[in-house]
Amino acid sequence: MEWVLADALLSQSRDPRVLLGALCRGAVSAERVETLCFLLQRLEDEEARGGGGGAGALPEAAREVAAGYLVPLLRGLRGCPAGGADDPGPAARQRRRVLRAAGAALRSCVRLAGGPQLAAALAEEALCDLLNAGPAPGLEGAAEAAVEVLAAVGPCLRPREDAPLLERVARAALALALGGDKAGPSPDAAALVAGRLLPALGRCGGAALRVVWGGLVAPGVSEEPGRVGSQLLILSALAEKLLPEPGADSVPAAREAGLDARRCWRFWSAVQAGLAWSEDALTRKRARYLLQRAVEVSAELGTDCACAPGQGTGPSLFWWSEKKKDELLKFWENYILIMETLEGNQIHVIKPVLPKLNSLFEYAVSEENGCWLFHPSWHLCIYKRMFESENKILTKEGVTHFLELYETRILPFSPEISEFIIGPLMDALSESFLYSRSPGQLIGSVSPLGLKLQKFLVTYISFLPEEIKSSFLLKFIQRMTSRHWCAVPILFLSKALANIPRCKALGIEGLLALRDVLQCTMITHQILLRGAAQCYLLQATMNLVDVEKVSLSDISTFLMSVRQEESLGRGTSLWMELCDWLRINESYFKQSSTCSSIGLHETSSLNAYVRNLVQEYIRSPAWEGGENSCMPDWFEAKLVAMMVLLAIDVERMKSQYSEKRRTQNVLRIFLDPLLDALVKFGTNAYMPLLKTDRCLQLLLKLLHTCLLKGSGTRDDEVFTLLQNFIMSTTESISEFILRRLTMNELSTVSDLDRCHLYLMVLTELINLHLNVGWKRGNPIWRVISPLKNASIRHLQEMDDGQEPTLGRQMQRAASMAALAMVCEVLSQKPELQPDSLDAGPPEMFISSLQLNQTLQKPHTEGESRCVHHLESSIFFEESSSSQGWGKIVAQYIHDQWVCLSFLLRKCDTLTPASEGEVPVAVRTLQSALEALTVLPSEQVLPVFHCMKILVPKLLTTSESLCIESFDMAWKIIASLSNTQLIFWSNFKAFVQFVFDPKVLTIAAKIKGQAYFKIKEIMYRIIEMSAIKTGVFNILISYCCRSWVVSASNVSLSIAKNYSELVLEACIFGTVFRRDQRLIQDVQTFIENLGHECAANVVIENNKREDHYVRICAVKFLCLLDGSNMSHKLFMEDLAIKLLDKDELVSKSRTRYYVNSQQHRVKNRIWQILLVLFPKFDQNFLNKIIDKIFQAGFINNQASIKYFIEWIIILILHKFPQFLPKFWNCFSYGEENFKTSICTFLSVLSHLDIITENILEKKLILKQALIIVLQWCFNHNFSIRLYALVALKKIWSMCKGLHIEELEALTSVIESSLSQVENMHGAGSAKKNWQRIQEHFFFTAFHPLKDYCLETIFYILPRLSGLIEDEWIAIGKFTRFTDIPSDAGFQWYLSTTQLCELKPGDWSQQDVGSNSGEADNQSEWTDVQKKIIPWKNHVPDLDLELVFQDRAAKLGKSISRLIVVASLIDKPTNLGGLCRTCEVFGASVLVMGNLQCVRDKQFQHLSVSAEQWLPLLEVKPPQLIDYLQQKKAEGYTIVGVEQTAKSLDLTRYCFPEKSLLLLGNEREGIPANLIQQLDVCVEIPQQGIIRSLNVHVSGALLIWEYTRQQLLKQGGSTA
């Protein structure tokens, strides 16, 4: 077309000046400049052919056009804004057209003018503009115009004469393309320069190309991630210049420059960076292009080539050998195929290609010498892409594949692999989802990836050279400290480290790194997991640390990072392993400077170290302060106590078979400095305060650390010795403490810390004396009474109205704390209380105490100048100590309520014997509410204890006040739900006072507001348990225990008023999110390790799993006595509520998917009904039998059907009177049955059990035979199968009894059964008959012998395909001891072989009446699982959650768009539409017949999309109902049809909830359905044919919907 236009112009005039001058006049437009360009190119072409006229005029005219028109035009465009590349406006697009056309015209002018000076002059001017613009983040107008000019005139420059100019242009262009700052270049600049200017410069000779190449491969360019994209963009644009081709004459510039990119390692580094590290798909594509281009060039050239050595060692990054051409081509072909396939992010496409990755390793390693032939960094690029995939399944596949590398092959050592492990692999391993169980694995199994990680690390380190092993392990451990790890990844990494064989790899630096990793484990809230991780890290330390490079001091400091209360408990396997390690290595540790002063040659280095440690600790420090000094930190006391006990246990190991007295002597040597100091406490009044503090701290820590975990202390020799040593100092210590607490010696804020220390020591001493037997007159007994009296005296003296000073107020706080301690000890140890029951001075003082009395802040300047902050060594001025004083006041009020709690429990003085005493209790409860508003949450416990006693006394008379106390207490509990440390103790106290049996009894009797408030709180607790596991456990356990303990008729009659609590417990259990389930699985795995993992011994199993809620309810119900009327009424009421709940769930969902919440709830309901069944009598069953039978008619999942069938069998066996009602179940209309009749046919298959106790069986057998024969001829295949199974059983019974009346049927029945048994062929019918006969329910299962808890809660759920979350092992029933086991405990366990069976492949399912013969069903199980006919079930929230979960696993998102294709007939259109819907994330595709998914044409076009997209069957006659239902759900019905009122697609805005209805290929949308549409949309068309293929039309609308939703999401995000 351009040539036609140029010829038309030339036909007007042959004078170039006239033609060109005419075009140069007038307004500038893109069309005018483009026409000028066409004309100049035409003239240039004629000039080249020698046919141009006016040889002298044309060059002159070209110069005039260039100088007079084009150059000024380009200068004028400099100031215009360039516009963005992504979405330029109309003006910007016009400007670019003008620029491009002007540049091309200028190139023609330069060539026609024939003078090199013009080209050089234009290039110089453009270069100045370019340099002035600089490498800016965005291209200004001047820079863009300059690039166009340089691209136009560059090829006209002379390679030699203009070489300096070309080099300057190349440098400026490269700087603009690569960018001058670290942020990288502008995409506009890189694209324009690489696309226009640099290719032009590449044709200008070797000088420019050398400059560009030198800049591209300069050091540091490829290392900057922001520039890799631009670098590869330029390299791909210059690929033909930089990679030689056969016949070097084709690239003279490259030949002149001597360039071959294949030989430069920096070039390949850039390619690898693009392949592995770039997040941009286009950059990765360019990297693959360069690689493929290099391979093709190498193959065509046929010459050997090798990349120059780069950084590190190993083979070249790229090499070529003609001898190995075939192997090299195969390697690179597979490599590029894998990299291209990874771009798809679809695991079902990628997985078949992964075996080729194994072949890459086979090619990469030489069989002769075992060294790398290909650089391993190429393989690592593949893994890096897989690790960073958006598809999590692909990420897991990549990590798994990498960890399996060393299982089947031995790879040569490569530093790159080590760096990759420490870098990208560890980054990938930080994702928790990788460690989930594999399908089919039981809960508590080890994570497959965790096991692979362990094997990999052990194998890899064993292959490492010895000189590298230490540095690798150090870097590996240091990398573990560089991020915040989740609980699961850090656990399995620590476990892998712990399993590395012992080697001397780490020194002090490694020990410090391991200590930092220990700190990383503390951030998780899962205590058991972090405890297990600490165990593994300590084991790793013992395995990997070189003891000759660390001292005992280093080890002891490290051990302080391991929490004794979570992992390193004394007596655990870990403790003994540590002792053994110290025993073996104690003489090899690096000598510590602190041990050199002890000249004990007869003792080991460990003993010498510990003795010196104790001496240094007890010695008074040089920085001893005065009486006002702060309490010392507890760190040193913990360290010394732990090392003393470790050393003594090491000594015991040595002397196991020698004298036991040596242990006592060594312990005495260790503790001599401490015992000497303690003995002097009572007599040496001038002993430094810090020394006394440190001694008492060490005493406490010794006692706490010495306690054996997991066993008693009676057989512990060390604890006995320690106890005896300490008890010998009791008198001195108690006198010292009494003096300090009673003689006004506590006068500063820091002294309150000392007060608490003294009280803790006193409590421990009391416990010690109680352990050996309490005796009146012992030193502790002589302290308690004076301490109590002195505290009361101090508190009374303080009320004399004197001005409060700091010293007086501190003494008051200390006295209240001491009195509270005495009260706590007396309440917990009744043997310490005086024999007299009369109220003594303490009781009288406490009863007269003004509650919530605060400590007034002291104002005397002299005594309050400097106050120490609580529990800190930081001083603060009294004037700014409000926060610290608030803590003191809160503790003071807390101690008051501790005392009052003791008084209420002991004396019960507030019991309203008369009306006059009621106000006392009211005022006390009001004070308690006031205290709850004042006290911090961690100190409300004693207030709750008081409220527990007060509320039952006031519930009748002051109900509103009690309700207020319930509300306020609940608010505190709710606010604490995220505070792990203090929540559980407070919550237990809350439950004990709100759900106290007395409170429940009174509330149920008066049925006032308190009754409903308690139920409201009950449901709030159940609601909280969905997000905080273990809350409901405490509530149900406490209530059931209280009802069981009382075990009276009254208690159960009261419990009946709260039977909703037991009901909710019976069906309780949340469906965990994937991350929650993972945590549960890993915790179970750790628990299953038992004593092998010390964390299991140290950390108490609090039984907070959801299973224990149901276990508690079941064990409670098992204890009830059916002969007790109160118990009987309670169970009957519960059974009715369970059946009502089942009916409610069934009505809410006509059909539900397997393992949904509805399925689980129904399953639990029938489990409890089975447990209760033995306690039902005939009268009660007569009330509920109809509901039980009715439940059999409902569509149920397999596990529920088994339970319903089982309970019907048990009822009919125990009460044959209900057989007539059972026969009536077969007489309903067939439309009510569908395939649920199979439930009753299954019952008939156990007719021998039902009739076991019936003497006259003939009538029953005859009736059963008549019924079952009718169903043997049903059109439904499943029903026929079940009927035949029942017929076989019944007929065998008939033959055994020789019933004459039935002999006429013998031939018919025998031939029918024989025909079924001898069925020919290998079709589904024969297979299904064989499978159903082998099914456990009809073979191994015995309804009577298998009736036990194990079958109900474990075996049957397992065999029926229920998810493992629902399997409750019988061991959990026995471990749960909060509720005692009933007398018939033996019925918990199964005594048959049923427990040994494995789940079969046949399951009872209600599949609808139109299922046909079920042919080929097994081949399409994956599809059928997610295809649900609409007639039986409308897609609901649960179904959407399943597909959202599946989409999340694949890293995809789904929209709210429903595509209805029920009117489409052709499988090809449906297959393509299925693929389109899956790609764009439609929520569901509705089809008229789901059988078409088996069509080969459908499958060819869908490419497995049907496996990842929800499919729904709605037949055309059902469409009106379906559309109306969707309208009711808020969907807008959009039709694709051309009507008079159709809206243009480009102008229509789709709502988020849109339903797209597509018409038939020939007839479109029928008129009756058009009336159902909310809107019609048509696609604008320009052609003559006025219709599109229905798949194409649907795809256009689906994309438009998706585009609009993406824009909305982007806007909301912004």
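To start, this report covers the structure provided alongside it. Every value quoted in this text rests on a predicted model; they were computed, and no experiment measured them.

**Quick notes on the nonpolar core**
The nonpolar side chains of a soluble globular protein tend to be buried with one another. Counting residues in hydrophobic clusters, the biggest one holds 499 residues, and the most contacted among them are Trp 332, Phe 402, Leu 497, Phe 990, Phe 995, Trp 1166 and Phe 1222. When residues in this core are grouped by element, the largest group, 14 residues, is from helix H38 (residues 806-828). Residues Cys 1474, Leu 1509, Val 1590 and Tyr 1601 belong to the second largest nonpolar core, which totals 32 residues.

**Quick word on a negative patch on the surface**
On the surface, Asp 304, Glu 322, Asp 326 and Glu 327 cluster together into a negatively charged patch. Along the chain, the position of Asp 304 falls in the loop between helix H15 (281-301) and strand S1 (305-306).

**A look at the pairing of strand S11 (residues 1554-1557)**
As a general feature of sheets, a regular strand has side chains that alternate between the two faces. Because side chains alternate across S11, one face comprises the buried residues Ser 1554 and Leu 1556, and the other comprises Leu 1555 and Leu 1557, equally buried. Relative to S11, strand S9 (residues 1532-1536) is paired through four bridges, and the arrangement is parallel. Considered in S11, the bridge of Val 1534 is made with Leu 1556.

**Topic: the environment of Ala 67**
Structurally, Ala 67 is set in helix H4 (residues 57-77). Taking the relative accessible area as the measure of exposure, Ala 67 reaches 54% and is therefore exposed. Sequence separation between Ala 67 and Leu 106 is 39 residues; the distance between their C-alpha atoms is 9.5 Å.

**A look at the pattern of salt bridges**
Pairing is possible between side chains that carry opposite charge, provided their charged atoms lie close to one another. Scanning all chains against the criterion turns up 52 salt bridges. Across the pair Glu 616 and Arg 619 runs a salt bridge, and its minimum N-O distance is 2.5 Å. Ionic contacts of the salt-bridge type, sharing partners, join the residues Arg 1077, Arg 1110, Arg 1160, Arg 1164, Asp 1365 and Glu 1366 into one network.

**Quick notes on a nonpolar patch on the surface**
A surface patch of nonpolar side chains, amounting to about 220 Å² of accessible area, comprises Leu 1588, Val 1592 and Leu 1596. One can find Leu 1588 in the loop between strand S12 (1575-1578) and helix H72 (1590-1613).

**Here's the deal with the side chain of His 769**
Along the chain, His 769 turns up in helix H36 (residues 749-772). Polar side-chain contacts of His 769 include one of 3.3 Å to the side chain of Thr 730.

**Comments concerning the pairing of S12**
As paired elements, S9 and S12 share three bridges and run parallel to each other. When the sheet's bridge partners are listed, Val 1534 is paired in S12 with Val 1575. Direction of pairing for strand S10 (residues 1543-1544) relative to S12: parallel, over a ladder of two bridges. Its bridge partner being in S12, Leu 1543 is matched across the sheet by Val 1577.

**Considerations on helix H50 (residues 1074-1088)**
Over its 15 residues, H50 extends 21 Å from the first C-alpha to the last, a length consistent with the 21 Å expected when each residue adds 1.5 Å. Considering only its buried residues, H50 is in contact with helix H25 (487-498), helix H27 (527-544), helix H51 (1094-1098) and helix H54 (1157-1172). Gly 1090 sits one or two residues past H50 and shows a positive phi near 65°.

So, how was this worked out
- Residues numbered from 1 in each chain as written.
- Predicted model: local features only at pLDDT ≥ 70, side-chain atom pairs only at ≥ 80, totals over all residues.
- Heavy atoms only, no water.
- Core = buried A, V, L, I, M, F, W, Y, C linked by side-chain atoms within 4.5 Å.
- Buried < 20%, exposed > 50% of the residue type's maximum accessible area, 1.4 Å probe, protein only.
- Helix = DSSP H or I, 4+ residues; strand = E, 2+ residues; numbered from the N terminus.
- Patch = residues over 30% accessible without salt bridge, like charges linked within 9 Å, V, L, I, M, F, W, Y side chains within 5 Å.
- Areas by Shrake-Rupley, 256 points an atom, 1.4 Å probe, with all protein chains shown as cover.
- Salt bridge = Lys/Arg side-chain N within 4 Å of Asp/Glu carboxyl O.
- Lys, Arg positive; Asp, Glu negative; His and termini not counted.
- Charge placed at Lys NZ, Arg CZ, Asp CG, Glu CD.
- Pairing = 2+ DSSP bridges.
- Polar contact = N/O pair within 3.5 Å; in protein donor to acceptor, adjacent residues only side chain to side chain.
- Expected span 1.5 Å × (residues − 1).
- Contact = heavy atoms within 4.5 Å.

All we've got here are geometric facts, nothing functional implied.
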